[in-house]
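# Structure at a glance
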Amino acid sequence: MPNLNKIAVVIPYFNASKHIVNVLNKLPDLVTKVYVVDDCSAQQLPEAALTAFKAVEYIKNPKNLGVGGATKAGFLKAIEDQMDIVIKVDADDQMDTTYIKKLIEPLINNEASYAKGNRFRDFKALKKMPFFRKMGNLGLSFLTKAATGYWNNFDPTNGFFSIKTETLKRLDFSEISNRYYFETSLISQLYFQDAVIKDVPMPAIYGEEKSSMQVWKMPFVFLPKLLKTYINRLFKSYFVYDFNISSVYILLGTPLFLFGLIYGIYNWWFYSSQDLFAPTGTIMFVTLTIIVGFQLLLQAVHYDIMKAPKAK
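We now turn to the structure provided with this report. (Residues numbered from 1 in each chain as written. Predicted model: local features only at pLDDT ≥ 70, side-chain atom pairs only at ≥ 80, totals over all residues. Heavy atoms only, no water.)

A few words now on the packing of aromatic side chains. Enumeration according to the criterion identifies 19 aromatic pairs in this entry. Note on Phe-142 and Trp-151: the rings are 6.3 Å apart at their centroids and 75° apart in plane angle, and the pair reads as edge-to-face. An angle of 85° between the planes, with centres 5.9 Å apart, marks the rings of Tyr-191 and Phe-192 as edge-to-face. Here Phe-192 falls in the partly exposed class, since its relative accessible area comes to 23%. Linked through ring pairs, Phe-75, Tyr-114, Phe-161, Phe-173 and Phe-182 together constitute an aromatic cluster. Over the face of the ring belonging to Phe-192 we find Lys-236, whose NZ or CZ atom lies 5.1 Å from the ring centre. A cation over a ring is seen here: Lys-307 above Tyr-238, with NZ or CZ 5.5 Å from the ring centre. (Phe/Tyr/Trp six-rings, centres within 6.5 Å; stacked < 30°, edge-to-face > 60°. Buried < 20%, exposed > 50% of the residue type's maximum accessible area, 1.4 Å probe, protein only. Lys NZ or Arg CZ within 6 Å of the ring centre and 35° of its normal.)

Set out below in structure tokens:
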């Protein structure tokens, strides 16, 4: 594949002095430039890193912003330098950079605006993934599908991705998280640009480095943010930017289902506390509102799945 595009790699650097030189040495020749963004790392960047690749530019953040903040700093520099494609690679040497060619192919061929790794398409790699990380990623991936609207994509928290610079220019960086929620918030912003995302199967690599995010903390960190993302997307997609049949399903289904559920619980408590049987009419009314509301919400979900951005 001839390299007719200016391709940049952004590497957020934080306490990875043991690995950064090796990461740079393994980058393929098709990469035009590398931006190493020092996010106020306690470990100084080795001098060898600046000459480990043909074109390395060192950027130092004025304060620690997190992986997302560091990556966004690299994005802005790539836009300024008029790069065509930007690839995000971590500094801990847990990404197989031989897959960079596969990551940029969908973008060069105009099949997608964003391509990312998917560790769940490789069954052998999936078996090697630590159990708790696997379960956490599976659950988180499903919730992220609903929150972002990208129902056809998986492994959304995978930080090994490529994106067109022209797509980056249209994004509101202030809406993209600086820390652990970075990849998910980036994808959620891509949805409003109707950007197509391509999954690239690749194995997961686990080295000596351990994530600073503990598994038990993940629900407390991600669930509130995912709920906010979900509500924000539904409101903008179905009541601000557009109003369609799914908007009607949501408007009718939500109050019907909630009314039936709350009214049903109240009646169950009231009549059980009085040691009485609830009237048949009350039971039928509660059942009907719950069923109709639930069916309308299911139709809204089905419409949302079909609406997910996909290649034309």
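Further notes follow.
With 28 residues, helix H10 (residues 280-307) extends 40 Å from end C-alpha to end C-alpha; this agrees with the ideal 40 Å at 1.5 Å per step. Residues of H10 that are buried: Thr-282, Val-286, Thr-289, Gly-293, Leu-296, Ala-300 and Asp-304. (Helix = DSSP H or I, 4+ residues; strand = E, 2+ residues; numbered from the N terminus. Expected span 1.5 Å × (residues − 1).)

According to the stated counting rule, one finds one cavity of 30 Å³ or more in the structure shown. Here the largest cavity defines a volume of roughly 50 Å³. Considering the residues around the largest cavity, the lining is formed by Lys-116, Thr-144, Thr-148, Tyr-150, Asn-153, Phe-154, Pro-156, Ile-187 and Ile-197. (1 Å grid on protein atoms, 1.4 Å probe; cavity = no way out; pocket = protein on both sides within 12 Å on 5 of 7 lines; lining within 4 Å. Points joined across faces, edges and corners; volume = space filled by probe spheres on them.)

It is worth spelling out the packing of helix H9 (residues 245-273) against H10 at this point. Between H9 and H10, the shortest axis-to-axis distance is 7 Å and the interhelical angle comes to 150°. In this structure, H9 meets H10 at a crossing whose hand is left-handed. Of the residues belonging to the contact of H9 with H10, the class tally is 18 nonpolar, ten polar and no charged. (Axes fitted to C-alpha atoms, helices over the stretch in contact; angles between N-to-C directions. Left-handed = near helix turned anticlockwise from the far one by under 90°. Nonpolar A, V, L, I, M, F, W, Y, C, P; charged D, E, K, R; others polar.)

A few words now on the environment of Gly-159. Here Gly-159 is to be found in the loop between helix H5 (131-148) and strand E6 (161-164). Not counting chain neighbours up to four residues away, the residues in contact with Gly-159 comprise Lys-88, Met-95 and Glu-183. (Contact = heavy atoms within 4.5 Å.)

Here we come to a nonpolar patch on the surface. Side chains of Phe-235, Phe-239, Val-240, Tyr-241, Phe-243, Ile-245, Val-248, Leu-251 and Leu-252 sit close together on the surface and give an oily, nonpolar patch of about 860 Å² of accessible area. Secondary structure elements with two or more residues in the nonpolar patch: helix H8 (218-240) and H9. Assignment of secondary structure puts Phe-235 in helix H8. We classify Phe-235 as partly exposed; its relative accessible area is 49%. (Patch = residues over 30% accessible without salt bridge, like charges linked within 9 Å, V, L, I, M, F, W, Y side chains within 5 Å. Areas by Shrake-Rupley, 256 points an atom, 1.4 Å probe, with all protein chains shown as cover. Salt bridge = Lys/Arg side-chain N within 4 Å of Asp/Glu carboxyl O.)

Before going further, it helps to examine the layout of surface pockets. Its boundaries defined by the atoms lining it, the second largest pocket holds a volume of some 380 Å³. Considering the residues around the second largest pocket, the lining is formed by 18 residues, among which Tyr-230, Leu-234, Ile-250, Thr-254 and Leu-297 are closest to the centre. Contributing elements (two or more residues each) for the lining of the second largest pocket: H8, H9 and H10. Of the residues assigned to the lining of the second largest pocket, the class counts are 14 nonpolar, two polar and two charged.

A few words now on the sheet that holds strand E2 (residues 33-38). The mixed open sheet is built from seven strands, whose spatial order is E3-E2-E1-E4-E6-E5-E7. Both edges of this open sheet fall to strand E3 (56-60) and strand E7 (197-201), since each of them pairs with a single strand only. The mean inter-strand angle of the sheet, taken between neighbouring strand axes irrespective of direction, is 20°. Two elements, strand E1 (residues 7-13) and strand E4 (residues 85-88), share four bridges in a ladder whose sense is parallel. In the sheet register, Ile-7 faces E4, and the bridge partner there is Ile-85. Running at roughly 150° to E1, helix H2 (residues 66-80) makes contact with E1, E2, E3, E4 and E6 of the sheet. (Pairing = 2+ DSSP bridges.)

This part covers the pairing of E6. Here E6 shows no split at all, with Phe-161 and Ile-163 on one side and Ser-162 and Lys-164 on the other all buried. Relative to E6, E4 is paired through four bridges, and the arrangement is antiparallel. Bridged to Ile-85 within E6 is Lys-164. As defined by bridge partners, strand E5 (residues 114-118) adjoins E6 across three bridges and the pair is classed as antiparallel. Paired with Tyr-114 across the bridge in E6 is Ile-163.

That is the geometry; function is a separate question.
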